[in-house]
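# Fold and contact review
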There are 2 protein chains.
Amino acid sequence: MTQHVFDQALALAPDDLAAGRFTGKTSAAYWNMVGPFGGTTAALVLQSVLLHPALLGAPIALTVNYAAAIQTGPFEIHAVPVRTNRSTQHWTVQISQRDAEGQPQVNTTATVVTALRRETWGTSDLPMPDVPPPSQVAPYSLPSSAVAWLSQYDMRPVSGAVPGTWDGSGEHSESVLWLRDAQPRPLDFASLASMSDMFYPRVWLRRTTRVPAGTVSITTYFHADAAQLAQVGNGHLLGRAVGQQFRNGFFDQSAQLWNESGDLLATSNQIVYFKE
Amino acid sequence: MTQHVFDQALALAPDDLAAGRFTGKTSAAYWNMVGPFGGTTAALVLQSVLLHPALLGAPIALTVNYAAAIQTGPFEIHAVPVRTNRSTQHWTVQISQRDAEGQPQVNTTATVVTALRRETWGTSDLPMPDVPPPSQVAPYSLPSSAVAWLSQYDMRPVSGAVPGTWDGSGEHSESVLWLRDAQPRPLDFASLASMSDMFYPRVWLRRTTRVPAGTVSITTYFHADAAQLAQVGNGHLLGRAVGQQFRNGFFDQSAQLWNESGDLLATSNQIVYFKE
């Protein structure tokens, strides 16, 4: 059985497992414009923590800062459990690549919090929008010019699809869509981390103008456990993203991901650079 | 002229300025229940970056992870500019205290992004709620049992004040209030970082039940420049906070801070531990 393309992208070889040092390789299948899709980078950060022998519990929070473009080829990840408490654990993670002189240059900084969770009272103050089921929403047809990673996902825009013409007519920044891996793969923390970054830059929608834009930092909170994610299987998630404040070269966008039953699995925020 | 109590709390002595190593001391004036108010900890992280001689630009994003309680007394901060680009800079910051054997133990991990901003198109998709001006809203009267840091702020709840009785009747998790330093002090990045954490745990409001709760990780995005903050002076900010997903010991809450003119200065998210 061939390994899923996402698992290929996530593959990490332990250089020194006890020290949390791993080596990976960029994936052509998840290539974006000038580097890997940021979602896979976030997933790799998380994966290094999940593979670490000292891991306590499951992911609660993940912040990934995209410090520099990742070049095609090998990279190194270093995951450090800085502080381990009774029920929470705090990690720092860095990804680096070697420069021409063989020196490691950091391109990604990150922090991760993991925790043992126990059953408590719970509720949601962010109900899932009322939308037609995925079977009644047409998949997004990728233009031939689309970057590689987009074809790894089945996306079904309910509203706020990428504008067909860039005529400057935009009036809002909200998108709602069904999404899942194009090639079936059971949902897990790594793929949920990746999907949290799959909303195109809100500035394109808000202005109906395509300007250079790229995520600078993303933070994702995980509200589900591994069993709840596994139950999703290859079912669709409903994703919603909306812009907040756009000013002087940066804007932030907020996102949510629900399973088909309406359980909020992850909430995510990112700040994005844009030009002009 | 006596130094403002917040500046006293922020005071950092350079142990090795070029290496980004500073020493500080916890502030009794901003004490919370079992440690310093998390807002001052976030402000201290930011301050170490702002004092660093290699600083490029102004804060864009700040993530602070509260890894362990900070004890009364001295602490060390280490700020490292991991990657400096043409217009952005990526920082890692850690706060530590010495254990009984004199070994540094990390209690706070953090990342900061700073950037040179240039003028661009901009807009807001998060308008300020329509509320009465601060002069028409009564200041919150602190109960005599209130923790110390609360008295450092002038808070005027418009809605969603701390429940007066804990009767389990809660139906929502949104608070809106005017806020500023009790003792006048011009707004700056450090105080804005601190104010981003001043909303009490949403779980108390949602359940009208007081359970042990504490922030695990906070991420704040800065949408203003230093001049825009200075213009606020000691004017009030309008703060809004709302809970999102509550499940198995953790919930997240989202917050915004506007100036009186309705400019959105900062957006913030945090994930919070709660018991039961």
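In this text the structure is predicted, and so the values were computed from the model without any measurement. (Residues numbered from 1 in each chain as written. Chains lettered and ligands numbered in written order. Predicted model: local features only at pLDDT ≥ 70, side-chain atom pairs only at ≥ 80, totals over all residues. Heavy atoms only, no water.)

Residues and elements named next belong to chain B. Phi is positive for Thr 208, close to 45°, though the residue is something other than glycine. For Thr 208, the location among the structural elements is in the loop between helix H4 (202-207) and strand S10 (213-222). In this structure, Glu 276 takes a positive phi of about 80° despite not being glycine. Here Glu 276 lies in the segment after strand S13 (264-274). (Helix = DSSP H or I, 4+ residues; strand = E, 2+ residues; numbered from the N terminus.)

As a further point, take the relation of the copies chain A and chain B. Once chain A has been moved 0.0 Å along the axis and rotated by 180°, it coincides with chain B to within an RMSD of 0.0 Å. Both copies of the chain, as the preceding transformation shows, are related through a two-fold rotation axis. (Least-squares fit on C-alpha atoms with pLDDT ≥ 70 in both.)

We now examine the pattern of salt bridges. Residues and elements named next belong to chain A. Scanning the model with the defined rule gives 16 salt bridges over all chains in all. Residue Asp 154 is joined to Arg 156 by a salt bridge in which the shortest nitrogen-to-oxygen separation is 3.1 Å. Here Arg 156 falls in the buried class, since its relative accessible area comes to 13%. When salt bridges that share partners are traced, they join Asp 7, Arg 185 and Asp 188 into one network. (Salt bridge = Lys/Arg side-chain N within 4 Å of Asp/Glu carboxyl O. Buried < 20%, exposed > 50% of the residue type's maximum accessible area, 1.4 Å probe, protein only.)

The element strand S11 (residues 237-247) of chain A is extensively covered by neighbouring structure, given that 11 of its 11 residues are classed as buried. One ladder, built from 6 bridges, connects strand S9 (residues 174-181) of chain A with S11(A); its direction is antiparallel. Residue pairing across strands places A:Leu177 opposite A:Gly239, the latter belonging to S11(A). Between the antiparallel neighbours S11(A) and strand S12 (residues 250-259) of chain A lie 2 residues, among them A:Asn248 with a positive phi of about 40°. As paired elements, S11(A) and strand S7 (residues 123-124) of chain B share 2 bridges and run antiparallel to each other. Paired with A:Phe246 across the strands is B:Thr123, a residue of S7(B). (Pairing = 2+ DSSP bridges.)

Looking now at the interface of chain A and chain B. With 61 residues of chain A at the contact, the number on the chain B side is 61 residues. Area buried by chain A at its contact with chain B is led by A:Trp121, A:Tyr221 and A:Arg247, which between them contribute 13% of it. At the junction of chain A and chain B, the tally comes to 4 salt bridges. The salt bridge involving A:Asp125 is made with B:Arg206; its shortest N-O contact spans 2.8 Å. Where chain A touches chain B, the interface holds 36 residue pairs in polar contact (both at pLDDT 80 or more). With 7 residues, strand S6 (residues 104-115) of chain A is the single largest residue contributor to the side of chain A that touches chain B. Here the side of chain A that touches chain B is built from residues that sort into 21 nonpolar, 29 polar and 11 charged. (Contact = heavy atoms within 4.5 Å. Buried area = accessible area lost by both parts, 1.4 Å probe. Polar contact = N/O pair within 3.5 Å; in protein donor to acceptor, adjacent residues only side chain to side chain. Nonpolar A, V, L, I, M, F, W, Y, C, P; charged D, E, K, R; others polar.)

It is worth spelling out the pairing of S6(A) at this point. All names here are of chain A. For S6, the buried fraction is high: 10 of the 12 residues fall into the buried class. Two strands pair when backbone bridges link them, and strand S5 (residues 88-98) and S6 are joined in this way by 11 bridges, in the antiparallel orientation. Bridge assignment links Gln 97 to a residue of S6, and that residue is Gln 105. If you look at the hairpin formed by S5 and S6, you'll find 5 residues sitting between the two strands, and Gly 102 has a positive phi there, around 80°.

This part takes up helix H2 (residues 38-50) of chain A. All names here are of chain A. Between its first and last C-alpha atoms H2 spans 18 Å; for 13 residues at 1.5 Å apiece the expected length is 18 Å, and the two agree. For H2, the buried fraction is high: 12 of the 13 residues fall into the buried class. Taken as a whole, H2 has its buried residues at Gly 38, Gly 39, Thr 40, Thr 41, Ala 42, Ala 43, Leu 44, Val 45, Leu 46, Gln 47, Ser 48 and Val 49. (Expected span 1.5 Å × (residues − 1).)

Turning our attention to the side chain of A:Thr88. Secondary-structure assignment places A:Thr88 in strand S5. Given the relative accessible area of 13%, A:Thr88 is considered buried. Look past the residues within four positions of A:Thr88 in its chain and what remains in contact with it is A:Leu56, A:Arg83, A:Thr114, A:Ala115 and B:Phe250.

With that out of the way, let us pick up the side chain of B:Ser175. All names here are of chain B. Along the chain, the position of Ser 175 falls in strand S9 (residues 174-181). Under the relative-accessibility criterion, Ser 175 is labelled buried at 4%. Here the side chain of Ser 175 touches Gly 160 through a polar contact of 2.5 Å, landing on its backbone oxygen. In terms of polar contacts, Ser 175 uses its side chain to reach the side chain of Arg 202, at 2.7 Å.

Counted under the stated rule, the structure contains 26 aromatic pairs over all chains. Aromatic pair A:Phe246 and A:Phe251: ring centres 5.0 Å apart, planes at 25°, arrangement stacked. Put simply, the rings of A:Phe6, A:Tyr30, A:Phe37, A:Trp149 and A:Tyr153 pair up and form one aromatic cluster. A cation sits over an aromatic face here: B:Arg202 above B:Tyr200, 4.5 Å from the ring centre. Directly above the aromatic system of B:Trp204 lies the positively charged group of B:Arg210, at a separation of 4.3 Å from the ring centroid. (Phe/Tyr/Trp six-rings, centres within 6.5 Å; stacked < 30°, edge-to-face > 60°. Lys NZ or Arg CZ within 6 Å of the ring centre and 35° of its normal.)

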